[in-house]
Amino acid sequence: MKRIASIQDISCLGRCSLTVALPVLATMGVECAIIPTAVLSTHTMFPDFTCHDLTEEILPIAHHWQSQQLQLDAIYTGYLASPQQAETVCRAFDLLKGPDTLIVVDPAMADHGKLYPPFRPDFPLEMAKVCRRADVILPNLTEAALLTGTPYLPEPNEAQVKDLLKRLADHLQVRRPVLTGISFTPDRLGAMCYDAQTGDFFHYDNQRIPAHFHGTGDIFSATTVGGLMRGRSLEEALMLAVDFTLASIHCNRNAPASSWYGVEFERALPQLIHMLEAQEGPLC
Ligand code: PXL
């Protein structure tokens, strides 16, 4: 069984970050150890959320794991609670990364052209340091613009998306950047990735549901990591992630008001198993 560590927050209410990663990865048959970056009462779109920063815990946990000779197949990072945590997370990589440990970074910090509420304009520079250590990064269009210092384009065409992917690869020295939330026609939504070594691009999309649902980026990232851990190529993992994110959103289509609490992806988990079994045969 593959074992990964995920470094992101625990939002106690409102499905996102670890409360999404843990069930999705468990369903995919991947063990997920955790290093929580903070404990929040809710995700930061709720008013008056509380936040307890856990920066001081990150390195002691990593040191302890290192002393136990822990081997990790991947380290997957998401939401960080403060710019200072970027440096700490890079040090945790140094302690925990083996020669074959894949580093996947979702620079969860912004959406729809704006940084998430608590972050200041210096945050993207710090997050860029974490991205520089990654094999795969999974920004949305807003995060990619902030990471490359380019203007945010809400609806870029194919040439603009390819240009942004190349900039991410060059600027952050990442071999496999992925852009999420890509839409070339109003009724389709998906992702595109680039391979800086071969120069190849890959695009995949599926039906677009015209509404905003919180936490879908975390469902997408966790599924991508799970797909990679099941031995899929990045392209195959992205197809699975697009399809499972859509299946999760479908679970909310009759209750759009509840999307504050995250999409009801729990109801789609059996479908995720079917998607895996369609390619791999019975899982157990
Ligand atoms: O879904 C990304 C995310 C993760 N964690 C927290 C958040 C958000 C997005 O707003 O607020 C705490």
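Residues numbered from 1 in each chain as written. Predicted model: local features only at pLDDT ≥ 70, side-chain atom pairs only at ≥ 80, totals over all residues. Heavy atoms only, no water.

Comments concerning the overall build of the protein chain
For the protein chain, the helix and strand inventory stands at nine helices and 11 strands. The C-alpha radius of gyration computed for the protein chain amounts to 17 Å, which stays within 12% of the reference 19 Å derived for 284 residues, consistent with globular compactness. Here the C-alpha coordinates of the protein chain stretch approximately 50 × 45 × 45 Å along the principal axes. For the protein chain, the residues scored as buried account for 52% of the 284 residues in total. In the protein chain, 67% of the contacts between residues at least 6 apart in sequence involve partners at least 24 apart. A total accessible area of about 12700 Å² is found for the protein chain, and carbon and sulfur atoms account for 52% of it. Distance from the positive charge centre (21 side chains) to the negative charge centre (32 side chains) of the protein chain: 2 Å. (Helix = DSSP H or I, 4+ residues; strand = E, 2+ residues; numbered from the N terminus. Rg over C-alpha atoms; globule rule 2.2 N^0.38 Å. Buried < 20%, exposed > 50% of the residue type's maximum accessible area, 1.4 Å probe, protein only. Contact = heavy atoms within 4.5 Å. Areas by Shrake-Rupley, 256 points an atom, 1.4 Å probe, with all protein chains shown as cover. Lys, Arg positive; Asp, Glu negative; His and termini not counted. Charge placed at Lys NZ, Arg CZ, Asp CG, Glu CD.)

Topic: the site of the ligand
Every residue near the ligand is listed here: Asp9, Ser11, Cys16, Ser17, Leu40, His43, Thr44, Met45, Tyr79, Tyr116, His214 and Asp218. Note that an oxygen atom of the ligand is positioned 2.6 Å from one of the side-chain N or O atoms of Thr44. One of the side-chain nitrogen or oxygen atoms of Asp218 is found 2.6 Å away from an oxygen atom of the ligand. A total of 310 Å² of accessible area belongs to the ligand in isolation, and the protein chains cover 97% of it. Tallied by class, residues from the shell around the ligand come to five nonpolar, five polar and two charged. (Near = heavy atom within 4 Å. Polar contact = N/O pair within 3.5 Å; in protein donor to acceptor, adjacent residues only side chain to side chain. Nonpolar A, V, L, I, M, F, W, Y, C, P; charged D, E, K, R; others polar.)

Quick notes on the packing of aromatic side chains
Scanning the model with the defined rule gives four aromatic pairs in all. A centroid spacing of 3.9 Å and a plane angle of 10° characterise the contact between Phe119 and Phe123, whose relative ring orientation is stacked. Of the residues examined, Phe123 reaches a relative accessible area of 2% and is grouped as buried. Aromatic ring contacts, followed pair by pair, group Tyr79, Phe119 and Phe123 into a single cluster. (Phe/Tyr/Trp six-rings, centres within 6.5 Å; stacked < 30°, edge-to-face > 60°.)

Quick notes on the confidence of the model for the protein chain
For the protein chain, per-residue confidence averages 96 on the pLDDT scale, and residues scoring 70 or more make up 99% of the total. Averaged pLDDT values for the elements of the protein chain fall to 96 in strand S6 (residues 110-111) and rise to 99 in strand S4 (residues 74-77). (pLDDT = per-residue confidence, 0-100.)

Some details on the layout of surface pockets
Quantified by volume, the second largest pocket comes out at close to 270 Å³. Looking at the lining of the second largest pocket, the elements that each hand over two or more residues are helix H2 (55-67), helix H3 (84-96) and helix H7 (216-229). Residue composition of the lining of the second largest pocket, grouped by class: nine nonpolar, six polar and four charged. (1 Å grid on protein atoms, 1.4 Å probe; cavity = no way out; pocket = protein on both sides within 12 Å on 5 of 7 lines; lining within 4 Å. Points joined across faces, edges and corners; volume = space filled by probe spheres on them.)

Overview of the pairing of strand S1 (residues 3-11)
Among the nine residues in S1, seven count as buried, and that is most of the element. For the segment spanning S1, helix H1 (residues 17-27) and strand S2 (residues 31-40), crossover handedness is right-handed. The pairing of S1 with S4 spans four bridges and is classified as parallel. Bridging from a neighbouring strand, Ser6 pairs with Tyr76 of S4. (Right-handed = clockwise from strand over helix to strand, strands pointing away. Pairing = 2+ DSSP bridges.)

Quick notes on the pairing of strand S11 (residues 201-207)
On a regular strand, one side chain projects to one face of the sheet and the next to the other, so that they alternate. Bridging between strand S10 (residues 188-194) and S11 involves seven bridges; their strand directions are antiparallel. Pairing of Ala191 across the sheet is with Tyr204, part of S11. Between S10 and S11, which follow one another and run antiparallel, lie six residues, and Gly199 among them has a positive phi close to 80°.

Side note on the pattern of salt bridges
With the rule as written, the count across this model stands at 13 salt bridges. One salt bridge in this structure joins Arg230 and Glu280, with 2.9 Å as the shortest N-O distance. A residue pair is termed long-range when its members are at least 10 positions apart, and Arg230 in the loop between H7 and helix H8 (234-250) and Glu280 in helix H9 (residues 269-280) qualify at 50 residues. Judged by its relative accessible area of 28%, Arg230 falls in the partly exposed class. Glu280 gets classed as partly exposed once you look at its relative accessible area, which sits at 34%. Close ionic contact of Arg267 with Glu264 constitutes a salt bridge, the shortest N to O distance being 2.8 Å. Beyond isolated ion pairs, a larger network of salt bridges with shared partners links Arg175, Arg176, Asp195 and Glu235. (Salt bridge = Lys/Arg side-chain N within 4 Å of Asp/Glu carboxyl O.)

Re H7
Relative to the 20 Å expected for 14 residues at 1.5 Å per residue, H7 spans 20 Å between its end C-alpha atoms, a close match to the ideal helical length. Where burial is concerned, most of H7 is hidden: 13 out of the 14 residues are buried. Among the residues trailing H7, Gly231 stands out with phi positive, at a value near 90°. (Expected span 1.5 Å × (residues − 1).)

Structural notes on the side chain of His214
The residue His214 is located in the loop between S11 and H7 in this model. In this structure the side chain of His214 is engaged in a polar contact, spanning 3.4 Å, whose partner is the side chain of His43.

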